[in-house]
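In case you want the letters, here they are:
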Amino acid sequence: MPVPSHLDPRLLRAFVAVAEDLHFTRAAHRLYVAQQALSRDVRRLERELGAELFVRSTRQVTLTADGARLLPYARRVLQAQDELLAAFGQVRPLLVDLNSPGLGTGRRVLHRARTLVPELELMARYESGLTWAAAEMVAGRLDASFGRFAGLAPALRAGLEQQPVRYEPMAVILPEDHPLAPLPEVPLAALAGETVYAGAGNDRTPEWTDLARRLFEGRGIAVAPPAPLAVGEEEFERLMAKTRHPVLAVTEFPAMPATVVRPLVDPVPLSPVSLVWRKGLVHPALGALRRAAGRVAAEEGWLRRPREGWIPADDADVMTP
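Owing to the predicted nature of the structure, the values given are computational and were not obtained by experimental measurement.

Caption draft 1: Spatial organisation of the pattern of salt bridges. According to the stated counting rule, one finds 20 salt bridges in the structure shown. Among the salt bridges present, the one from E299 reaches R112, with a minimum N-O distance of 2.7 Å. Here R112 lies in helix 5 (residues 104-116) and E299 lies in helix 10 (residues 284-300), a separation of 187 residues in the sequence. With a relative accessible area of 51%, E299 lands in the exposed category. For the salt bridge of R141 with E136, the shortest nitrogen-to-oxygen distance reads 2.8 Å. The buried category is assigned to E136, whose relative accessible area is 5%. One salt-bridge network, held together by shared partners, links E20, D21, R75, E136 and R141.

Written out as structure tokens, the structure is:
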């Protein structure tokens, strides 16, 4: 592979995006560019290197041997560029995933971080689950997220770091005419015989479904079978009205029409929330985000584990400072 005297980092960024997604349309979406422009940049890079980097067909895109050889070098160049720009004040936005609009933990931490560094830009993203966000972080397309770190696959955890933020009490969303809806709190035993939706089949949130299965095991509660992924509040409401399954959630889940949110008790199940970021990330706003997480957690008592709280042992290990 001949080495040119100069390479535009934009071309390397286009190559890395396609190499990680193996799909030009998705890569263009991640970079917020037109697919035609992305394809043009990749072709220009191939011409400058004198090498074919991808095998393209109507059904799939795969890396060639030269493409696979280039990928680790391209990633290192882009990481160095980000570090250089950060060192000299040309700072890109810190991309922070908040899982879903309306959820309180990540949003409150992000808002506090913005007050600590008003000169920097921290931008929210909504990837809907930590497993999906973790893959985006490892790939360099996202910087930080919130969620259940112990629920990630070991290969993903190896490329990430985490800071415990909150033991978040869990709840159940019920149709307002459900027999349990009049209760101010729902004992777990009262859900015996119910089928509860916990994101089964959603490849963005398997860490949440796994937590539900552990909680329901031995209690006579079934995890609802996979349902179509509902994107947006309106679609979520429609599917819930159709299936009428209770939905496992957290106590701060935003209210929806014709439903009620009831805390779960006896025991109180806890959703372990960590701030998670890419290992080796260099960005001046990351420190502010970590400080904000620590301060809000201390002020709100988020890391005080209730005596009657339930949490899997491996999650408890992760959440121990």
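Caption draft 2: Inspection of the packing of aromatic side chains at higher detail. Scanning the entire structure with this criterion turns up two aromatic pairs. Between F15 and F54 the ring centres are 5.5 Å apart and the planes differ by 45 degrees, which places this aromatic pair in the tilted class. Taken as a pair, F15 in helix 1 (residues 9-21) and F54 in strand 1 (residues 54-56) lie far apart in primary sequence, 39 residues in all. Residue class for F15 comes out buried when judged on its relative accessible area of 0%. Overall, F54 belongs to the buried group, its relative accessible area being 0%. When the ring of F24 is compared with that of F54, the centres are 6.1 Å apart and the planes differ by 70 degrees; the resulting orientation is edge-to-face. Of this pair, F24 sits in helix 2 (residues 24-31) while F54 sits in strand 1, and the two are 30 residues apart along the sequence.

Caption draft 3: Examining helix 1 more closely. With 13 residues, helix 1 should cover 18 Å at 1.5 Å per step; its first-to-last C-alpha distance of 18 Å lies within 8% of that length. Helix 1 sits mainly inside the fold: ten of its 13 residues count as buried. Along helix 1, the residues classified as buried are L11, L12, A14, F15, V16, A17, V18, A19, E20 and D21. Two or three places before R10, at the opening of helix 1, D8 has a side-chain oxygen 2.9 Å from that residue's backbone nitrogen. Positive backbone phi, at 50 degrees, marks L22, one or two positions downstream of helix 1.

Caption draft 4: Highlighting the packing of helix 1 against helix 3 (residues 35-49). Viewed as axis vectors pointing N to C, helix 1 and helix 3 meet at an angle of 110 degrees, and their least axial separation amounts to 9 Å. Overall, the two elements helix 1 and helix 3 adopt an arrangement that is roughly perpendicular. Residue-level inspection shows R10, L11, L12, A14, F15 and V18 of helix 1 in contact with helix 3, the latter providing L38, D41, V42, R44, L45 and E48. For the contact of helix 1 with helix 3, the residue count by class is eight nonpolar, no polar and four charged.

Caption draft 5: Broad picture of the environment of V55. Note that V55 resides in strand 1. By relative accessible area, which is 42% here, V55 ends up partly exposed. Measuring from C-alpha to C-alpha, the distance between V55 and G309 comes to 53 Å, with 254 residues separating the pair along the chain.

Conventions we followed
- Residues numbered from 1 in each chain as written.
- Predicted model: local features only at pLDDT ≥ 70, side-chain atom pairs only at ≥ 80, totals over all residues.
- Heavy atoms only, no water.
- Salt bridge = Lys/Arg side-chain N within 4 Å of Asp/Glu carboxyl O.
- Helix = DSSP H or I, 4+ residues; strand = E, 2+ residues; numbered from the N terminus.
- Buried < 20%, exposed > 50% of the residue type's maximum accessible area, 1.4 Å probe, protein only.
- Phe/Tyr/Trp six-rings, centres within 6.5 Å; stacked < 30°, edge-to-face > 60°.
- Expected span 1.5 Å × (residues − 1).
- Polar contact = N/O pair within 3.5 Å; in protein donor to acceptor, adjacent residues only side chain to side chain.
- Axes fitted to C-alpha atoms, helices over the stretch in contact; angles between N-to-C directions.
- Parallel < 35°, antiparallel > 145°, perpendicular 65-115°, else oblique.
- Contact = heavy atoms within 4.5 Å.
- Nonpolar A, V, L, I, M, F, W, Y, C, P; charged D, E, K, R; others polar.

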